[in-house]
Amino acid sequence: MKHTESNPLFYQTNAHIPIVSHAKGIYIWDESGKKYLDGSSGAIICNIGHANQSVIAAIKQQAESTFFTYRTQFENAPAVRLAQRLVEHTSPRLERVFYVSGGSEAVESAIKLCRSYYRARKQEGKHIFISRSPSYHGSTLGALALTSYAPLEIPYRPLLKASPKIPAPYCYRCHYGKTYPSCDLACAHALEQEIIEQGADNVAGFIAEPIGGASTGALVPPDDYFSVIRDICDRHDVLLIFDEVMTGFGRTGKLFAYEHWQVVPDIMALSKGMASGYYPLGAVVTSGKIVDSVLSAGGFPHGYTYAGNPMACAVGLAVFDEIINNQLSANAETMGCHLKSGLRNLADKYEIIGEVRGQGLLTAIELVQNKPNRTPFGPELTAGSMLTEIAFSKGLIIYPRRSINGLKGDHVLIAPPIIISKTQVFDLLTILDESLEEITQVLKKNGSIA
Ligand code: PLP
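### Focus on the overall build of the protein
Then step 1. Check the secondary structure of the protein and you find 13 helices and 14 strands.
Then step 2. On C-alpha atoms alone, the protein measures out to a radius of gyration of 22 Å, which is about the 22 Å that the 2.2 N^0.38 rule sets for 450 residues.
Then step 3. Seen along its three principal axes, the alpha-carbon backbone of the protein occupies a region of about 65 × 55 × 50 Å.
Then step 4. For the protein, the share of sequence-separated contacts (at least 6 apart) that also reach a separation of at least 24 residues comes to 73%.
Then step 5. Where the 41 positive side-chain charges of the protein centre and where its 43 negative ones centre are 1 Å apart.

### Details of the site of the ligand
Then step 1. Surrounding the ligand, one finds Gly102, Gly103, Ser104, Tyr136, His137, Gly138, Glu209, Asp243, Val245, Met246 and Lys272.
Then step 2. One of the backbone N or O atoms of Gly103 is found 2.9 Å from an oxygen atom in the ligand.
Then step 3. The contact in question runs from an oxygen atom of the ligand to an N or O atom on the side chain of Lys272, over 3.0 Å.
Then step 4. Coverage of the ligand by the protein amounts to 80% of the 390 Å² it exposes when considered alone.
Then step 5. Residues that form the shell around the ligand fall into these classes: three nonpolar, five polar and three charged.

### Quick notes on the sheet that holds strand β13 (residues 399-404)
Then step 1. Strand order in the open sheet formed by four strands is β11-β12-β14-β13, with antiparallel pairing between adjacent strands. This sheet does not close on itself; its edge strands, each paired only once, are β11 (353-359) and β13. Strand-to-strand twist across the sheet, computed as the mean angle between neighbouring axes with direction ignored, equals 30°.
Then step 2. When strand β12 (residues 362-367) meets strand β14 (residues 408-414), the two strands line up antiparallel, connected through four bridges. Paired with Ile365 across the bridge in β14 is Val412.
Then step 3. Contacts between helix α11 (residues 328-349) and the sheet are confined to β11, β12 and β14, with β11 contributing the most and set at about 175° to the helix.
Then step 4. Relative to the sheet, helix α12 (residues 383-393) contacts β12, β13 and β14, its axis offset from that of β14 by approximately 30°.

Cut-off values and rules
Residues numbered from 1 in each chain as written. Predicted model: local features only at pLDDT ≥ 70, side-chain atom pairs only at ≥ 80, totals over all residues. Heavy atoms only, no water. Helix = DSSP H or I, 4+ residues; strand = E, 2+ residues; numbered from the N terminus. Rg over C-alpha atoms; globule rule 2.2 N^0.38 Å. Contact = heavy atoms within 4.5 Å. Lys, Arg positive; Asp, Glu negative; His and termini not counted. Charge placed at Lys NZ, Arg CZ, Asp CG, Glu CD. Near = heavy atom within 4 Å. Polar contact = N/O pair within 3.5 Å; in protein donor to acceptor, adjacent residues only side chain to side chain. Areas by Shrake-Rupley, 256 points an atom, 1.4 Å probe, with all protein chains shown as cover. Nonpolar A, V, L, I, M, F, W, Y, C, P; charged D, E, K, R; others polar. Pairing = 2+ DSSP bridges. Axes fitted to C-alpha atoms, helices over the stretch in contact; angles between N-to-C directions.

Right, dumping it as structure tokens:
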């Protein structure tokens, strides 16, 4: 019998996982009837929670009308309306929308748009994109080339265009061994040095997650970081691209994370919370100046078959209305404060929590073997995955990754749907507390901690 006959499906590994039965609000049930609190919104995507009735109604209504038409043959009302809504709710500088179906596609589109803009302006040399280390921008080859997360990019390096990276503002383990603010934001000024080294005539864009996602564990930059970055980009005629795939749509307590500092990017990549898991959807939002330059110089030779289809956009519109009408960004801000203060209490209680990070409902704890020295756990221990498995067994879903370029520095992301209530935040913290207690006992027993 073929190994795959019972279940031929495969993703990253052969891991055995339960089969879902149904999901509602912030909860998911498996086929055995076990209930899970979705403390990571899947992969930080289901911002508005599961089984939202308004979205389901919008899907039914759209299904009765038109599921799919192709974007070069028909315009569709949900696509236009959603683009209008996005533009209404972003900076006046962000006035045009280009649809895609996911985060990697959004990043690919952002960099190709940026490149097309400089070609349109006859600055053919501008083709280099600078990004940060660590970072995550997607799994397709262009987005992966801008990513710095060793386990994901090392296997494919021969296929990737080498792209310069500057250190992310990871203050807990500063690349320069400095402390904020006496560091004078060396990590931001590194962008200018890199542009000069590459030659400003060759550099097209700088891309960053405004608040770090999986690769850095909800890394929040110092307040003045992005204004320095914006100034450097402007002075060297380099476009600033914000990858808001994870941070967008209320996740960090604002509709978009750039609002925390009012530093507006030239191009913004969006997905995840945009359709909150109800349908594949993403977008690039940018300025009229960039789009007009590209289109008047012959067009933007780029696109995906599913882009801007009526169903995807009807879903996006219903999700957007839910976020705006129910003030879910504000809820993320308030609940994020409760969550973070609970996580800080857990950090006081457990020696294995080195740092609590995050903004709104994008939060993380970094696990350490030795708190005073900030010593990470050895990678072979897989402490983050261990904590995730313990939490899962107790009915809480969290999301493990590593902050030291994916190699060590275990952290877990805690990012529940932004509809979560205060009581539910406390439920989440209770299960996390029990899980931390259990992992602490395990680590003591096997001699990993004193
Ligand atoms: N950019 C960021 C910041 C992300 O977090 C992700 C996914 O986690 C992506 C891009 C890629 O998105 P997708 O997996 O939808 O292609």
